[in-house]
Amino acid sequence: DTAVSQTPKYLVTQMGNDKSIKCEQNLGHDTMYWYKQDSKKFLKIMFSYNNKELIINETVPNRFSPKSPDKAHLNLHINSLELGDSAVYFCASRPTGGEGETQYFGPGTRLLVL
Amino acid sequence: SQQGEEDPQALSIQEGENATMNCSYKTSINNLQWYRQNSGRGLVHLILIRSNEREKHSGRLRVTLDTSKKSSSLLITASRAADTASYFCATDYVKLTFGTGTRLTIIP
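This one's a predicted model, so the numbers in the text were calculated from it and none came from an experiment.

**Overview of the overall build of chain B**
Then step 1. Secondary structure summary: chain B contains zero helices and 11 strands in total.
Then step 2. Its helices and strands in sequence order give chain B the pattern β-β-β-β-β-β-β-β-β-β-β, from N to C terminus.
Then step 3. Whereas a compact globule of 108 residues would reach a radius of gyration of roughly 13 Å, chain B reaches 13 Å, a difference of no more than 12%.
Then step 4. The 108 residues of chain B split such that 47% are buried.
Then step 5. For chain B, restricting intrachain contacts to residue pairs at least 6 apart in sequence, the fraction spanning at least 24 positions comes to 54%.
Then step 6. When the accessible surface of chain B is summed, it comes to about 5,100 Å², and 44% of that surface belongs to carbon and sulfur atoms.

Okay, structure coming up:
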């Protein structure tokens, strides 16, 4: 009954490959996010979706393409992986409006590009 | 960059002591939030303080906010070994912008 789940937990791959990370939330939230946490623990937003629509797109290379098939899922596809993509990627969700500013984070996907 | 700064970067204290972490930011905010991250885990929300509030309590946590100085502090009283984690402040204005984090170690 995990609230926000991500798969896989660990991902080791070669430079140049294409990979996807999946995220699902069972909280009924309208808004979902992808964050990247680098080796220095800096956490930065990448994308935000509200009800399957893209609302925030930070200056992320277009090799990163989020896809939201429904409001409970937000997947991240990465093309032509580079060494600098190695990081921990967190998915998060939150309800819209009212007291719902709290974000709920998934456990993270640790990506290592060799 | 809008990223906030947290001070100190690392803090080690004895169990039972109080721990204080500070956060400074640069932009306007709707609210400011504190999150905890245990090693190898995701972030967990601790407490939220709105821009029109000055102080808030939750259990052993006390948060203050000074919007004139664009700063906030998190106080954890009577620390426990289980409080060992990284603590991040995050300002909320359109999106969450996280600080650099304070690594807190509680020594049993």
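**A look at the overall build of chain A**
Then step 1. Of the regular secondary structure elements, chain A holds zero helices and 11 strands.
Then step 2. Start at the N end of chain A and walk to the C end: the helices and strands fall as β-β-β-β-β-β-β-β-β-β-β.
Then step 3. Along the first, second and third principal axes, the C-alpha set of chain A runs to 45 × 25 × 25 Å.
Then step 4. Of the contacts made within chain A by residues no fewer than 6 positions apart, 54% connect residues no fewer than 24 positions apart.
Then step 5. Total accessible area on chain A is roughly 5,700 Å²; 51% of this is exposed by carbon and sulfur atoms.

**Considering the confidence of the model for chain B**
Then step 1. Overall, the predicted model of chain B reaches an average pLDDT of 93, with 97% of residues at or above 70.
Then step 2. For chain B, per-element mean pLDDT is lowest for strand β1 (residues 5-7) of chain B, which scores 85, and highest for strand β7 (residues 61-66) of chain B, which scores 98.

**Points about the sheet that holds strand β1 (residues 4-7) of chain A**
Residue and element names in this part refer to chain A.
Then step 1. Across the sheet, which stays open at both edges, the four strands sit in the order β1-β3-β8-β7 with antiparallel pairing between neighbours. The sheet terminates laterally at β1 and β7 (64-70), the two strands that pair on one side only. Neighbour-to-neighbour, the strand axes of the sheet open up by a mean angle of 20°, direction not taken into account.

**Comments concerning the pattern of salt bridges**
Then step 1. Using the criterion set out here, one finds seven salt bridges over all chains in the structure.
Then step 2. The closest approach of N and O atoms between Asp92 of chain B and Arg94 of chain A, which form a salt bridge, is 3.1 Å. Of this pair, Asp92 of chain B sits in strand β9 (residues 85-93) while Arg94 of chain A is found in strand β9 (residues 87-94), placing the two residues in two different chains.
Then step 3. The class of Asp92 of chain B is buried, set by a relative accessible area of 3%.

**Considering the nonpolar core**
Then step 1. Of all hydrophobic cores here, the largest spans 22 residues; its most connected members are Leu32, Trp34, Leu74, Ile76, Tyr87 and Leu104 of chain B.
Then step 2. Excluding residues that lie within four positions of it along the chain, Ile76 of chain B makes contacts with Glu17, Asn18, Ala19, Met21, Arg60, Leu61, Asp83, Tyr87 and Leu104 of chain B.
Then step 3. Judged by nonpolar contacts, the second largest core, of 19 residues, contains Leu11, Leu76, Leu81 and Leu111 of chain A.

**Details of the state of the cysteines**
Residue and element names in this part refer to chain A.
Then step 1. A complete count under the given rule lists two disulfides over all chains for this structure.
Then step 2. In this model Cys23 forms its disulfide with Cys91; the gap between the sulfur atoms is 1.8 Å. Judged by the sign of its S-S torsion, about -75°, the bond between Cys23 and Cys91 is left-handed. With Cys23 in strand β3 (residues 19-25) and Cys91 in strand β9, the pair connects residues that are 68 residues apart, well separated along the chain. Pair check on accessibility: Cys23 and Cys91 agree, each one buried.

**Digging into the interface of chain A and chain B**
Then step 1. Listed as interface residues are 18 residues of chain A and, on the opposing side, 19 residues of chain B.
Then step 2. Broken down residue by residue, the surface that chain A buries against chain B is led by Leu43, Glu101 and Phe105 of chain A, which jointly contribute 30%.
Then step 3. With its nearest N and O atoms 2.7 Å apart, the salt bridge here joins Glu58 of chain A to Lys95 of chain B.
Then step 4. Joining chain A to chain B, the criterion identifies five residue pairs in polar contact (both at pLDDT 80 or more).

Thresholds applied
- Residues numbered from 1 in each chain as written.
- Chains lettered and ligands numbered in written order.
- Predicted model: local features only at pLDDT ≥ 70, side-chain atom pairs only at ≥ 80, totals over all residues.
- Heavy atoms only, no water.
- Helix = DSSP H or I, 4+ residues; strand = E, 2+ residues; numbered from the N terminus.
- Rg over C-alpha atoms; globule rule 2.2 N^0.38 Å.
- Buried < 20%, exposed > 50% of the residue type's maximum accessible area, 1.4 Å probe, protein only.
- Contact = heavy atoms within 4.5 Å.
- Areas by Shrake-Rupley, 256 points an atom, 1.4 Å probe, with all protein chains shown as cover.
- pLDDT = per-residue confidence, 0-100.
- Pairing = 2+ DSSP bridges.
- Axes fitted to C-alpha atoms, helices over the stretch in contact; angles between N-to-C directions.
- Salt bridge = Lys/Arg side-chain N within 4 Å of Asp/Glu carboxyl O.
- Core = buried A, V, L, I, M, F, W, Y, C linked by side-chain atoms within 4.5 Å.
- Disulfide = S-S within 2.5 Å.
- Buried area = accessible area lost by both parts, 1.4 Å probe.
- Polar contact = N/O pair within 3.5 Å; in protein donor to acceptor, adjacent residues only side chain to side chain.

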